[in-house]
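# Analysis of the macromolecular model
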Amino acid sequence: MVTTIELNKRQSEILQIVKQNGPITGEQIAERLHLTRATLRPDLAILTMAGFLDARPRVGYFYTGKSGTQLLTENLKKLYVKDFQSLPVVVNDNVSVYDAICHMFLEDVGTLFVVDQKSMLVGVLSRKDLLRASIGQQDLTSLPVNVIMTRMPNVTYCEKDDLLVNVASKLIDKQIDSLPVVRKVENGYEVFGRITKTNITKAFVSLSKDES
Ligand code: ADP
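Cut-off values and rules
- Residues numbered from 1 in each chain as written.
- Predicted model: local features only at pLDDT ≥ 70, side-chain atom pairs only at ≥ 80, totals over all residues.
- Heavy atoms only, no water.
- Helix = DSSP H or I, 4+ residues; strand = E, 2+ residues; numbered from the N terminus.
- Rg over C-alpha atoms; globule rule 2.2 N^0.38 Å.
- Buried < 20%, exposed > 50% of the residue type's maximum accessible area, 1.4 Å probe, protein only.
- Contact = heavy atoms within 4.5 Å.
- Areas by Shrake-Rupley, 256 points an atom, 1.4 Å probe, with all protein chains shown as cover.
- Domains from an automatic or database assignment.
- 1 Å grid on protein atoms, 1.4 Å probe; cavity = no way out; pocket = protein on both sides within 12 Å on 5 of 7 lines; lining within 4 Å.
- Points joined across faces, edges and corners; volume = space filled by probe spheres on them.
- Nonpolar A, V, L, I, M, F, W, Y, C, P; charged D, E, K, R; others polar.
- UniProt positions renumbered as here; feature names shortened; annotations may be inferred.

## Overview of the overall build of the protein chain
Scanning the protein chain from N- to C-terminus turns up 9 helices and 8 strands. For the protein chain, whose C-alpha radius of gyration is 25 Å, the value lies well above the compact-globule estimate of 17 Å for 212 residues. The principal-axis extents of the C-alpha atoms in the protein chain amount to approximately 80 × 35 × 30 Å. Expressed as a percentage of its 212 residues, the buried residues of the protein chain come to 38%. Excluding contacts between residues fewer than 6 apart, the proportion of contacts in the protein chain whose partners are at least 24 apart in sequence is 58%. Here the protein chain has roughly 12600 Å² of accessible surface; of this, 52% comes from carbon and sulfur atoms.

## Some words on the domain arrangement of the protein chain
Under the domain assignment used here, the protein chain contains domain 1 (9-76) and domain 2 (81-204). With centres defined by C-alpha atoms, the gap from domain 1 to domain 2 works out at 45 Å.

## With respect to the layout of surface pockets
Counted as a void, the largest pocket has a volume near 420 Å³. Considering the residues around the largest pocket, the lining is formed by 17 residues, among which Val124, Ser126, Gln175, Ile176 and Asp177 are closest to the centre. Ranked by the residues each element gives to the lining of the largest pocket, the list is headed by helix 7 (residues 127-134), at 4 residues. In terms of residue class, the lining of the largest pocket is made up of 3 nonpolar, 8 polar and 6 charged.

## A word on the UniProt feature "domain: CBS" (unreviewed entry) in the protein chain
UniProt records the feature "domain: CBS" (unreviewed entry) at residues 84-140 and 149-211, using the numbering of this structure. Helix makes up 35% of residues 84-140 and strand 25%, and the two end C-alpha atoms of the span are 34 Å apart.

Spelled out as structure tokens, the structure:
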């Protein structure tokens, strides 16, 4: 069985007791384990929060019967862009490819978002976009980024209330490394965050550590 959290010995024992005897009160579980109710409280909280157990007032704890995969899916649907996004790194659409390369190195990112004079999203620059431009015969200091960027409306973006798992699907479908997190305003889209494969990886790791 795939589990989203690793249960310790006592949690496994509790789960076993509830599976066989539920619904059962916390007091009764404590008695069977020769422990106090207070000692068990954190373990019961973890098992309930993780979705293994459910508790009903005046009835007690019962086993939800959900598989580890079901629980993982439910937990995935609690992860939102706004909780994992990073700050975006942006450049103006009239800067040169040379300056964009310097900026990318200085900011240590793999993607730059390009904005116009009104700070509206107009394009995206990836590492390979810049590499491709660099192996040509062009003068990088006089080549503006808006000539080589992927431009709107072809930029894939997301919003802060989107589910992270949907953003992950877009990254896979479009074969890209990151998305700008935007807010729709009157004359376009304002960029205020970014989600990269690293953010998704961090969310993935957080699921395995999530005991709250
Ligand atoms: P790299 O090109 O360094 O492998 P990506 O895979 O992210 O990085 O980019 C691949 C191509 O997709 C590039 O031409 C880039 O401009 C474009 N791209 C990157 N991110 C986006 C996005 N969010 N929306 C649309 N196009 C994108």
